[in-house]
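Residues per chain are reported as follows:
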Amino acid sequence: MGSNSRCEIPKGQFFWEVKKITNCSTTWAAILDSREQLKKGCIWLVGNGQSINIFSDPWLHTLPGSVPEKLVDGNNEHKKRIDRFIEGVSTFCSICNNDEESIDHLLLHCSFAQDVWFASPLGLRLQGSNQLTLTSLMESLFRANDNNSSLALGMAICWAICKCRNAKVFDQKNMNDHDALTIALYWFNLYHNYIGEEELNGMERNHQTAAVPTNLTWTPPDHPTIKINVDAAWRDGAFACAAVTGDNTGYCHGADTMLERSDSVIFAEATGFQLVVDLALWLNLNNILIEGDSQMVVKTLKGELRKIPWRFWSLKDDITHKMASLNNSGAYSFVPKPANKASHSLATYGLTHNVQHKWTSSIIPAWIASLFVNNS
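Residues numbered from 1 in each chain as written. Predicted model: local features only at pLDDT ≥ 70, side-chain atom pairs only at ≥ 80, totals over all residues. Heavy atoms only, no water.

1. Some remarks on the overall build of the chain
Definition in use: Only DSSP runs of H or I reaching four residues or more are called helices, and only runs of E reaching two or more are called strands; each is numbered from the N terminus. The classification of residues rests on relative accessible area computed with a 1.4 Å probe and restricted to protein chains. Under 20% of the type maximum is buried, over 50% is exposed, and intermediate values are partly exposed. In this analysis, two residues are considered to be in contact whenever any of their non-hydrogen atoms come within 4.5 Å of each other. In these tables, accessible area is a Shrake-Rupley quantity obtained with a 1.4 Å probe, and a residue counts as shielded only by the protein chains included in the view.
Looking only at helices and strands, one finds 14 helices and six strands in the chain. Across the 376 residues of the chain, 39% fall into the buried class. Counted over contacts in the chain with a minimum sequence separation of 6, partners at least 24 positions apart contribute 61%. As displayed, the chain has an accessible area near 22,000 Å², and 52% of this comes from carbon and sulfur atoms.

See the structure below:
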């Protein structure tokens, strides 16, 4: 192109999006005009998918009508759901076949869904509630003063209905309301009534582990590992978790306490492990070993438990992700309570005196540093 050609793509725009200006060169104008033809033979190398617009970009280029014209015709109803573009596939509800399948219909207005809601412990009668939306139902369950029990059960029921719908669509398997409630209550109990001690006891019996002595004391880690002990103190729905660091000489590099509320002791213990990795990142520690006296949390983080409580999933993902940035693989270890006195004492103090604070080695109070002396 000549020196007077205008072909600059503005910053932040892609070749496929740039608009043709009035004074651009003939060559550049021809290149821009050819984009529609170029699109017919181009495919995306998909990365994280964040720059793809599912409402306007072509889907499978090998299929007729790969550009979803129905989604870009200005009709908002088409944008509420991704319509099906393969002939012979009905857009009606896969279960009752009485109405267009939408989120609200599938989960609330389908006769199957209504039977499940009525037969559930919530006992909701949704017949005739055609204006009810999933959002409004979840809002009402959220406002119930029952420690989110109704909300958790409602979410589990929605999940179960979707599972039953998928079983019919993909496996040609008809499920009834009893099947749906069995699925819903399984997941609800994992969240609200999780009792992992039975599984832990079974593992202990299977491995025939010896009883752990009760007179163990804290032992320093091998150099250059920093050991961080963690524990939580819980009372009447409130808890404090604490983390205390120590190296091979017993020197304390820092400590941390955090206050939270939860009806679950296991959630409090797991939050303590999350506190540990945040403390390690704050202190710029690269090689750590987390010690705690909760077998359930330690075994979950090490992948040794088959069932994980719902409320622990996001914590587990966050902990393992941050641990990977510290030392490539999660290093977790269970210790009996006698060897975890430092963090236990600090957690108890934090709960009793409403203390939430971080300390470095230069400002750590002497009484916290002395916990290691009393722990050894």
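2. Overview of the confidence of the model for the chain
Definition in use: Along the chain, pLDDT gives the predictor's confidence residue by residue, from 0 to 100.
Looking at the chain, pLDDT values average 78 and 73% of them are 70 or higher. Counting interchain partners and residues more than four positions distant, the pLDDT-below-50 stretch residues 1-6 has 11 contacts. Predicted confidence for residues 69-86 stays below pLDDT 50, and this span has 28 contacts to residues more than four positions away or in other chains.

3. A short note on the pattern of salt bridges
For the record, the criterion: A carboxyl oxygen of Asp or Glu within 4 Å of a side-chain nitrogen of Lys or Arg is what we treat as a salt bridge.
Tallied over the entire structure, the rule returns seven salt bridges. Between Lys322 and Asp278 there is a salt bridge, with its nearest N and O atoms 2.6 Å apart. Taken together, the residues Lys322 in helix H12 (residues 310-327) and Asp278 in helix H10 (residues 265-283) connect sequence positions 44 residues apart. Taking relative accessible area as the criterion, Asp278 reaches 28% and is therefore assigned partly exposed. Put simply, Lys322 and Asp318 hold a salt bridge, and the shortest N to O gap is 3.3 Å. Within this pair, Lys322 and its partner Asp318 are both found in helix H12, separated by four residues, close to a single helical turn.

4. Re the packing of helix H5 (residues 111-119) against helix H7 (residues 149-171)
Keep this limit in mind: Inter-axis angles, ranging from 0 to 180 degrees, are taken between N-to-C directions of lines fitted to C-alpha atoms, where helices are fitted over the stretch in contact. Take the far helix as your reference; a near helix turned counterclockwise from it by less than a right angle gives a left-handed crossing, and one turned clockwise gives a right-handed crossing.
Closest axis-to-axis distance for the H5/H7 pair is 11 Å, and the angle between their directions is 145°. Crossing handedness for the pair H5 and H7: right-handed. In this structure, H5 uses Phe112, Ala113, Val116 and Trp117 to contact H7, whose residues at the interface are Gly154, Ile157, Cys158, Ile161 and Cys164.

5. Observations concerning the side chain of His105
Within the secondary structure, His105 sits in helix H4 (residues 103-109). In this structure His105 touches Cys93, Cys96, Asp99, Glu100 and Cys110, once residues within four positions along its chain are discounted.

6. Let's talk about H10
Quick note on the threshold: A helix is expected to span 1.5 Å multiplied by its residue count minus one.
Compared with the 27 Å implied by 1.5 Å per residue over 19 residues, the 27 Å span of H10 between its first and last C-alpha is a close match. Burial analysis of H10 places 14 of its 19 residues in the buried class, the great majority of the element. One or two steps after H10, the chain reaches Asn284, where phi turns positive at roughly 60°.

7. Brief notes about the packing of aromatic side chains
Aromatic rings considered in pairs are described by the distance between their centres and by the relative angle of their planes. Rules: Classification of ring pairs uses Phe, Tyr and Trp, with its six-membered ring standing for Trp, and accepts pairs whose centres are within 6.5 Å; under 30 degrees between planes counts as stacked, over 60 as edge-to-face, and the remaining range as tilted. By the criterion adopted, a ring carries a charge over it if an Arg CZ or a Lys NZ lies within 6 Å of its centre and within 35 degrees of its normal.
By the definition in use, this model includes one aromatic pair. The residue whose ring lies beneath Lys358 is Trp282, and the NZ or CZ to ring-centre distance is 5.8 Å.

8. As for unusual backbone geometry
Look at the link from His223 to Pro224: it is a cis peptide, with omega at 5°. As for its position among the elements, Pro224 is in the loop between helix H9 (197-207) and strand S1 (226-235). At Asn97, a residue that is not glycine, the phi angle is positive and equals roughly 60°. Asn97 sits in the exposed class, given a relative accessible area of 51%. Backbone geometry places Asn354, a non-glycine residue, at a positive phi of 55°. Checked against the element boundaries, Asn354 lands in the loop between helix H13 (341-353) and strand S6 (358-360).

9. Thoughts on the environment of Trp234
Here is the rule: In protein, a polar contact means a hydrogen-donor-capable atom and an acceptor-capable atom, both N or O and within 3.5 Å, with residues adjacent in sequence counting only if both atoms are side-chain atoms; elsewhere, any N or O pair within 3.5 Å suffices.
Among the structural elements, Trp234 can be located in strand S1. Overall, the relative accessible area of 35% leaves Trp234 in the partly exposed class. The spacing of Trp234 and Leu351 is 117 residues in sequence and 7.7 Å in space, taken between C-alpha atoms. Excluding residues within four positions of it along the chain, Trp234 makes contact with Phe239, Ser262, Asp263, Ser264, Val265, Ala268 and Leu351. In this structure the side chain of Trp234 is engaged in a polar contact, spanning 2.8 Å, whose partner is the backbone oxygen of Ser262.

10. So, the sheet that holds S6
Filter applied, for reference: One requirement defines pairing of two strands: DSSP has to find at least two bridges between them.
With mixed pairing, six strands are arranged side by side in an open sheet as S5-S4-S1-S2-S3-S6. At either margin of the open sheet sits one strand with a lone partner, and together these are strand S5 (332-334) and S6. Averaged over all pairs of adjacent strands, the angle between their axes in this sheet comes to 20°, without regard to strand direction. Pairing between strand S3 (residues 254-261) and S6: three bridges, direction antiparallel. Directly across from Gly254, in S6, lies its bridge partner Thr360. In this fold H10 packs onto S1, strand S2 (238-246), S3, strand S4 (288-292), S5 and S6, with an angle of close to 40° to the strand it touches most, S2.

11. Thoughts on the pairing of S3
Pairing analysis gives seven bridges linking S2 to S3, with the strands arranged antiparallel. Paired with Cys241 across the two strands is Met258, which belongs to S3.

12. Brief notes about the state of the cysteines
The bond known as a disulfide is covalent and runs between the sulfur atoms of two cysteines. Put simply, the test is: Note on terminology: disulfide denotes any pair of cysteine sulfur atoms within 2.5 Å.
Under the counting rule described, the total for this entry stands at zero disulfides. Free cysteine: Cys96, not disulfide-bonded; nearest cysteine sulfur from Cys93 at 3.7 Å. Residue Cys96 is classed as buried on the basis of its relative accessible area, which comes to 14%. The thiol of Cys162 is not disulfide-bonded; the next cysteine sulfur, from Cys158, is found 7.0 Å away. The class of Cys162 is partly exposed, set by a relative accessible area of 27%.

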